[in-house]
Amino acid sequence: GQQVMQIPQYQHVQEGEDFTTYCNSSTTLSNIQWYKQRPGGHPVFLIQLVKSGEVKKQKRLTFQFGEAKKNSSLHITATQTTDVGTYFCASLLTGANNLFFGTGTRLTVIP
Amino acid sequence: GAVVSQHPSWVICKSGTSVKIECRSLDFQATTMFWYRQFPKQSLMLMATSNEGSKATYEQGVEKDKFLINHASLTLSTLTVTSAHPEDSSFYICSAQLQGNYGYTFGSGTRLTVV
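Every chain begins its residue count from 1, and numbering advances along the sequence as written. Here every chain gets a letter starting at A, and every ligand a number starting at 1, in the order they are written. Selection of residues for local features in this predicted model requires a pLDDT of at least 70, selection of side-chain atom pairs for listing and counting requires 80 or more, and totals for whole chains, interfaces and linings are taken over all residues. Water and hydrogen atoms were dropped before computing side-chain values, which therefore reflect all heavy atoms in the structure.

Caption draft 1: Unusual backbone geometry, seen in detail. Note the cis peptide between I7 of chain A and P8 of chain A, where omega equals -5°. Strands here mean DSSP runs of E at least two residues long; helices mean DSSP runs of H or I at least four residues long; both are numbered from the N terminus. When you line up the elements, P8 of chain A lands in the loop between β1 (4–7) and β2 (10–14). The backbone phi angle of A78 of chain A is positive, close to 50°, even though this residue is not glycine. In the Ramachandran plot, K41 of chain B falls in the positive-phi region, its phi being about 60° despite a non-glycine side chain. Tracing the chain through its elements places K41 of chain B in the loop between β4 (32–38) and β5 (44–51).

Caption draft 2: Representation of the side chain of T21 of chain A. All names here are of chain A. When you line up the elements, T21 lands in strand β3 (residues 19–25). For each residue, the accessible area found with a 1.4 Å probe, counting protein chains only, is set against the maximum for its type, and the residue is called buried under 20%, exposed over 50%, and partly exposed in between. In this structure T21 comes out as buried when scored by relative accessible area, which is 0%. Within 3.5 Å is the distance limit for a polar contact, defined as a pair of N or O atoms, with the added protein rule that one can donate a hydrogen and the other accept it, and that residues adjacent in sequence qualify only through two side-chain atoms. Of the polar contacts made by the side chain of T21, one reaches the side chain of Q6; its length is 3.4 Å. Leave out the neighbours within four places in its chain, and T21 touches Q6, I7, P8, W34, S72, S73, L74, Y87 and T105. Only heavy atoms enter the contact rule, under which two residues are in contact if any of them lie within 4.5 Å.

Caption draft 3: Examining the environment of T57 of chain B more closely. All names here are of chain B. Secondary-structure assignment places T57 in strand β6 (residues 57–58). Sequence separation between T57 and F34 is 23 residues, and the spatial gap between their C-alpha atoms is 9.6 Å. Ignoring sequence-local partners within four residues, the contact set of T57 consists of M47, A48, T49 and N51.

Caption draft 4: Local environment of a nonpolar patch on the surface. Residues qualify for a patch when their relative accessible area is over 30% and they have no salt bridge, like charges being joined within 9 Å and the nonpolar side chains of Val, Leu, Ile, Met, Phe, Trp and Tyr within 5 Å. Working definition of accessibility: Shrake-Rupley area with a 1.4 Å probe, residue cover restricted to the visible protein chains. Each salt bridge in this description consists of a side-chain nitrogen of Lys or Arg and a carboxyl oxygen of Asp or Glu lying within 4 Å of one another. A cluster of nonpolar residues, W10, I12 and V115 of chain B, forms a patch on the protein surface that exposes about 370 Å² of accessible area. Relative to the helices and strands, I12 of chain B resides in strand β2 (residues 10–13).

Caption draft 5: Structural context of the pairing of β5 of chain B. All names here are of chain B. Counting buried positions over the eight residues of β5 gives seven, a clear majority of the element. Two elements, β4 and β5, share seven bridges in a ladder whose sense is antiparallel. Across the sheet, residue Q38 finds its bridge partner in β5, namely L44. The pairing criterion for strands is at least two bridges between them, as found by DSSP. Joining the antiparallel neighbours β4 and β5 is a turn of five residues, in which K41 adopts a positive phi near 60°. Across two bridges, the pairing between β5 and β6 is antiparallel. Paired with A48 across the strands is Y58, a residue of β6. Where β5 hands over to β6, the hairpin turn is made up of five residues, of which G53 adopts a positive phi near 80°.

Caption draft 6: Spatial organisation of the side chain of E59 of chain B. Considering the arrangement of structural elements, one finds E59 of chain B in the loop between β6 and β7 (67–73). Notably, E59 of chain B is buried but unbridged: the nearest opposite-charge side chain belongs to R37 of chain B, and the N-O separation is 11 Å. Once residues lying within four places of it in the same chain are set aside, the contact partners of E59 of chain B are N98 and F100 of chain A together with L46, M47 and A48 of chain B. For the purpose of charge, His is not counted, nor are the chain termini; Lys and Arg are scored as positive and Asp and Glu as negative.

Caption draft 7: Here's a closer look at the interface of chain B and chain A. Each side of the interface is counted separately: chain B has 19 residues, and chain A has 19 residues. Throughout, the accessible surface (probe 1.4 Å) given up by two parts as they are put together, summed over both, is called the buried area. The junction of chain B with chain A conceals about 1,600 Å² of combined surface from both sides, 56% of it contributed by carbon and sulfur atoms. Seen at the junction of chain B and chain A, the total is zero salt bridges. Across the chain B-chain A interface, the total number found is four residue pairs in polar contact (both at pLDDT 80 or more). Breaking the side of chain B that touches chain A down by element, the ones donating at least two residues are β4, β5 and β9 (90–96) of chain B. It is β4 of chain B that provides the largest number of residues to the side of chain B that touches chain A, a total of four residues.

Caption draft 8: Structural view of the nonpolar core. Residues and elements named next belong to chain B. To form a nonpolar core, buried Ala, Val, Leu, Ile, Met, Phe, Trp, Tyr and Cys residues must be joined to one another through side-chain atoms within 4.5 Å. The biggest cluster of nonpolar side chains holds 25 residues, and the ones touching the most others in it are W35, F67, L79, Y92 and L112. Among the secondary structure elements, those contributing two or more residues to this core are β2, β3 (19–25), β4, β5, β7, β8 (76–81), β9 and β11 (110–114). Once you skip the residues sitting within four places of it in the chain, F67 turns out to touch R37, M47, Y58, V62, L79, T80, V81, D88 and Y92.

Caption draft 9: Just the packing of aromatic side chains, in detail. Under the pairing criterion, centres of Phe, Tyr and Trp rings, with the six-membered ring standing for Trp, must be within 6.5 Å; the plane angle then separates stacked pairs below 30 degrees from edge-to-face pairs above 60, leaving the rest tilted. A complete count under the given rule lists ten aromatic pairs over all chains for this structure. Relative to Y87 of chain A, the ring of F19 of chain A lies with its centre 5.9 Å away and its plane at 45°, an arrangement referred to as tilted. Pair noted here: F19 of chain A is in strand β3 and Y87 of chain A is in strand β9 (residues 85–92), with a separation of 68 residues, a long-range link. With respect to class, F19 of chain A is no different from Y87 of chain A; both count as buried. Taken together, a centroid distance of 5.7 Å and an interplanar angle of 50° make the contact between Y36 of chain B and F106 of chain B tilted. One end of the pair, Y36 of chain B, is in strand β4; the other, F106 of chain B, is in strand β10 (residues 105–106), and 70 residues separate them in sequence. Here Y36 of chain B and F106 of chain B have matching classes, each one buried. For a Lys NZ or an Arg CZ to count as sitting over a ring, it must be within 6 Å of the ring centre and within 35 degrees of the ring normal. A cation over an aromatic ring shows up here: K66 of chain B above the ring of F67 of chain B, its NZ or CZ 6.0 Å from the ring centre.

Rendered as structure tokens:
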């Protein structure tokens, strides 16, 4: 079945440093979504990427979809303590509406 | 925006008993809802897709007789964990998608502890 791996599994950064998480799939993805889950909370939708090579920005967050549509990345510039949480990539199977999640990257920001 | 309400937030039950978790779409109709399970420090694993007015579709390895799903209306799906055992202790989360939105909206989750 479809497997989506994320690296790193954990990341500790000093406040103000940048952070990047990578999402890699064994198969071509029709789309990629990113979610953030705060400790003890539920996933919250951040963005969806569909096109090959697509890049989208949300303030300090930059999302990228690879040319081959098998990988994606989320980059946070100048992290803040409010960025703490686990970041998941997720994807829909082609023609389906059920969302499968990547393994996640847990970000800790040290003030 | 789309809001999904999930109850209870947490529940502790004795081994062998059943627990029902409710998931409601508050301001939209959801013909399909999704149930996930998340163990500590792990990712969300899709358990089943709940379809209004028809049988749920279960993912491989999920026992349909143990995790009963009912989607009787366009705004309510329920997950019943039957004959719960300690290994069923987990965080259960439902989600739905508002038509026209890309992202999925998640309930606040139910932390189940079976003792």
